[in-house]
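An overview of the molecular structure
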Amino acid sequence: MLQVTTSLAELCSLLVDETYGELPSRIFSILLKKGRSTASQLKEYTAMPSRQLRHGLAVLQQHNLLYYHLDKPNGPAFYEANVEHAYNLVRVGKILEMVESTFGAPAKDVMQNLLLSGQTRVADLMAAYQEKIDRANNAKALDEELGITSLEDTDGVNGDSHPAKKSDLIIKSSAHLNSVICRLIEAELIDLCHAKTYETYDDIYETVEKEITATHFPGGVKGGKQKADYQKKLAEGLRQVRGESKSLKRKLEQNGLASKRRKIFQDLDLNGGVKQEEDSDPVLDPRQVIRVNYEKCSVELRSRRLVQFASDVFGDITSYVYGVLIKKITKDMPRCRLDPLVDVQGEDDEVNEPLAVSTDEILDSLKTSIDLSIGLGKPDWSKISAAATARVVEHAPKKKLHIEGATAVGDASSDEGEDSSDEEEVDGDYKPAMTNGVNGVNGMNGTKVPPKERKMDRRTQLRQHLFLLSESPQSFVRHSGPDEWTIDFGPVLTALRESELDAVIEETCGTQGLRLVHILRANGKLDEKALPNLVLMRKSDIQQKMLEMQRAGFVHVQEVPREPKADVKKSFFLWFCDVAMSKDQVLDTSYRAMVHCMQVLGTLREQEKDVLSTSKRTDVRGREQELMRKEYFERYSHFLKSERMLFHQLMKADELIAALRDY
Amino acid sequence: MSGRGGRGGRGRGRGGPMMNGRRAVAANSTPWATMDTGIELDGKPAELFPPYKVPKAPVPNKKEEKQISYFLLFREQCHDSPLYTHSRTWVQDRSTTNKRTYGQDQINRRYGQSSEATVDAFNAVPTYSQQFQQTSRTLPDLSSWPFAKEFFPPELHATLDGEDEPANKRRKTGPKSLGLSNITSYKTAEDLEMEAAAEQAGGGAEHEDINKALELLNRVEKNTAEGGEDGFLSGEDDDDWVKNNEGDEDAESNAADSDEYDDESGDDYNAEQYFDEGDNDDYDDGGEDGGQYYD
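Residues numbered from 1 in each chain as written. Chains lettered and ligands numbered in written order. Predicted model: local features only at pLDDT ≥ 70, side-chain atom pairs only at ≥ 80, totals over all residues.

In the annotation of an unreviewed UniProt entry, chain B is listed under the name DNA-directed RNA polymerase III subunit and assigned to Podospora australis. UniProt, in the comment section headed Sequence similarities (unreviewed entry), describes chain B in these words: "Belongs to the eukaryotic RPC7 RNA polymerase subunit family." Heading Function (unreviewed entry) of the UniProt record for chain B holds this comment: "DNA-dependent RNA polymerase catalyzes the transcription of DNA into RNA using the four ribonucleoside triphosphates as substrates. Specific peripheric component of RNA polymerase III which synthesizes small RNAs, such as 5S rRNA and tRNAs." (UniProt positions renumbered as here; feature names shortened; annotations may be inferred.)

In the annotation of an unreviewed UniProt entry, the entry for chain A reads DNA-directed RNA polymerase III subunit RPC3, and the organism field reads Podospora australis. Heading Subunit (unreviewed entry) of the UniProt record for chain A holds this comment: "Component of the RNA polymerase III (Pol III) complex consisting of 17 subunits." In its Function (unreviewed entry) section, UniProt records this for chain A: "DNA-dependent RNA polymerase catalyzes the transcription of DNA into RNA using the four ribonucleoside triphosphates as substrates. Specific core component of RNA polymerase III which synthesizes small RNAs, such as 5S rRNA and tRNAs."

Here is the structure:
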């Protein structure tokens, strides 16, 4: 899973410290440092009294930051740190913003409370909301009794201590809450906790393995056929365990109304739409325990990032079209990266085959207010070569042949060499594909393209946008069949990663450095002596730049001796550029930058300790301006400003990390 | 020259002819003599702090502003939750602690302990304004939180029930509920400025009355809402002090309520009470083995 480096470990424990306090963070950092340990071992490592330790562990477990494993039902537990969840604390802001913009404010409120409370029983959540609703109702009743009606303007002043009034209550009733939770479960953003949720992947693997060997292969696995069978069974078992958290979603879908309801939810105005559906939602089992599913959240965040990427390349309208397509395709995609063991082997599974979406489907979900003619060039039809247009459609069968290859490449690594071999494959397959697709061309394009001079209907415009996306070197979209579109995430993400890396390189080594890197990427390994001719720069300049970049970790050098007896003067020095290696380097730098941000924040807090403790006083809170001395107040607002800036930087760094590591 | 301290003797003979005690330099023996004479050597030392273009982060756009606000609000609400431990025992004073640590022992030692011995004598005398100070918790308050116990290892179950306290301190847990945070905003610097502007515009005086009325309302409301729990606590606990200092959310509302200097604070001058205060730290009286680490 996640590779935990020293800086990442430090960052995670700082994040836990920031949100959940010192006690959990101490235990968490020890767990990261020492790995799997029992409570008594932890006690020894941390030199804490065991009562304190137990409290800390309970808090960590409540917030889903631990894995634990029991050998015997009542024996000691082995704890392990959940690094992904700890790191995801930095994304909370993004996740909440994403949920709000896709599902509306009520969903955001529920999500926020789930994030706050960690794993939560549905009944408890319901009760808490009910209490809040009751309180608001009481307040309203009191208001009416006392005859105070127009208080809206004072709200801001007194906001913190004042409970929400009925009018600004986000969740209006428990039925409303129920439907919001159902919606989030359908979107997979909320998961069900089950018996194996808190086991590490390795533990689950081991149990499944044991079970399979015991039931199906008591005599051991022999021979190629059995081995394949065994692998298949193993993957199936693992998939079954993983699928358990989705059981609630399946149940909701079985209810039959799910898909219909979802449509209403999308189409109608959020507030208006909810009212009608509430009743049709099944009431959730109050004993069930739910928690936030970060994996799906990062899928959603990835979609948004890709749309942003498309908008950087093409512009708003095209990226909007892309957004609609990506939403359709990722709807049932549970995670960004497929597990090589679990996902690849199931041939029958739909996970492997990316969903194809037809043009009409996209057209149906486009808002009519979007003017598709914007963002498209309108060259004379005579200037468009028929061959090129034809080629666009051709892509379908040819690409179909190497889908498996493409996705596998994207998943394994984003290496230059493999990319070029990809290219060759494409060319090789190109010829037969040509003959294949000609019919398609005549069928569709032939009728639409030529006659209308300037005026294109909406559907054609949409198709133009999609062609634009599919023809780009970043290969945003693949035209997988006549009028069907799909996305191969491997190549797009490789392009995204490269563009992110390029931005970093340009920032650190300047445009010349970036140019050198591009040349190296295009050519593979290059001899030091051949470089000046190719790059058209002075030798000394090149050397200086290359050394600078090598120090930064963007390019690497390999020494190849000419003779068996290595001689420095005679050997070749090959420069090359390894995306994976520079990725690790950039990741590490980003972690350090983030750690630094947190440390700066800590120091600022220490400096402004007296101011902050004043501002936290119960009588001052919410009325800082009135009660604090001017000098103090200035320091306080300055601190708040710097705090925001630091977190902004933190999130920027996280964006880079997400693009390079998680998507 | 010879390392044995003798300048002179035989060494002098080998060093070449001497001119007034300095050695004559041969015409081409220095490395710079062979270089072209047009070069002017820059003898200045390198600048200690050369001018450096500090990269400046772009201003956050609207979406990012929103994300930051949500994160800060989330953090603030986390800090409001009963599971949060306020205490910072980590010694940040650089003069007393070494920056670098070797081994876990030293890291552990960094986390100073709060006990009677570490009380800051200058701030220890109770003052009026201390009642507004946040009550800090050294241990999370698990007793009021509804846990889904099946997802916790069995060894933690007793802790979750609040039965992990030493016998004399154990208090009956009230009804467990997941309290939603009342904090609905985290002030930004802009908010504060806006507020200040509004204040200066002169709206303040009019709202004063309404504010007071609202506060009153809140109090009434809170009392009705939490009345049951209050009664429960006071019924069980003879010890008033425990209620005030260890009670969960109502500690805060209590503090807000007691605007006037009420009889509670009379205890400030009760010497025994004063020293009892040390018991507040939960490190020390920990179950079986707390003491040995802190003596």
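Read on, since the account is not over.
Residues and elements named next belong to chain A. One finds C12, F28, A86, I181, L184 and L325 to be the most contacted residues of the largest nonpolar core, which totals 142 residues. The element that contributes the greatest number of residues to this core is helix α23 (residues 489-523), accounting for 11 residues. For L325, the residues in contact, after removing those within four places along its chain, are V357, I362, V477, W485 and I487. (Core = buried A, V, L, I, M, F, W, Y, C linked by C-beta atoms within 7 Å. Buried ≥ 20, exposed ≤ 12 C-beta atoms within 10 Å, placed from the backbone. Helix = DSSP H or I, 4+ residues; strand = E, 2+ residues; numbered from the N terminus. Contact = placed C-beta atoms within 7 Å.)

Residues and elements named next belong to chain A. When the domains of chain A are assigned, the result is domain 1 (6-89), domain 2 (104-292), domain 3 (301-487), domain 4 (496-577) and domain 5 (586-662). Between the C-alpha centres of domain 4 and domain 5 the distance comes to 40 Å. When its residues are assigned to classes, the side of domain 4 that touches domain 5 shows three nonpolar, no polar and two charged. (Domains from an automatic or database assignment. Nonpolar A, V, L, I, M, F, W, Y, C, P; charged D, E, K, R; others polar.)

Below, the discussion takes up the sheet that holds strand β10 (residues 526-527) of chain A. Read across the open sheet, the three strands follow the order β10-β12-β11 (chain A); overall the sheet is antiparallel. Of all the strands in the sheet, just β10 and β11 (556-560) of chain A have a single pairing partner and so form its edges. (Pairing = 2+ DSSP bridges.)

Unusually for a residue other than glycine, A47 of chain A sits at a positive phi of about 55 degrees. Mapped onto the fold, A47 of chain A is located in the loop between α3 (39-46) and α4 (50-62).

Moving on: helix α1 (residues 6-20) of chain A. Given a rise of 1.5 Å per residue, 15 residues ought to cover 21 Å, and the 21 Å separating the end C-alpha atoms of α1 of chain A matches this to within 8%. Of all the 15 residues making up α1 of chain A, 12 are buried; the element is thus mostly covered by neighbouring parts of the structure. Within the sequence span of α1 of chain A, burial applies to L8, A9, L11, C12, S13, L14, L15, V16, D17, E18, T19 and Y20 of chain A. At its buried positions, α1 of chain A is contacted by α2 (22-34), α4, α5 (83-88) and α26 (579-607) of chain A together with α2 (62-80) of chain B. G21 of chain A occupies a position one or two residues after α1 of chain A and carries a positive phi of about 105 degrees. (Expected span 1.5 Å × (residues − 1).)

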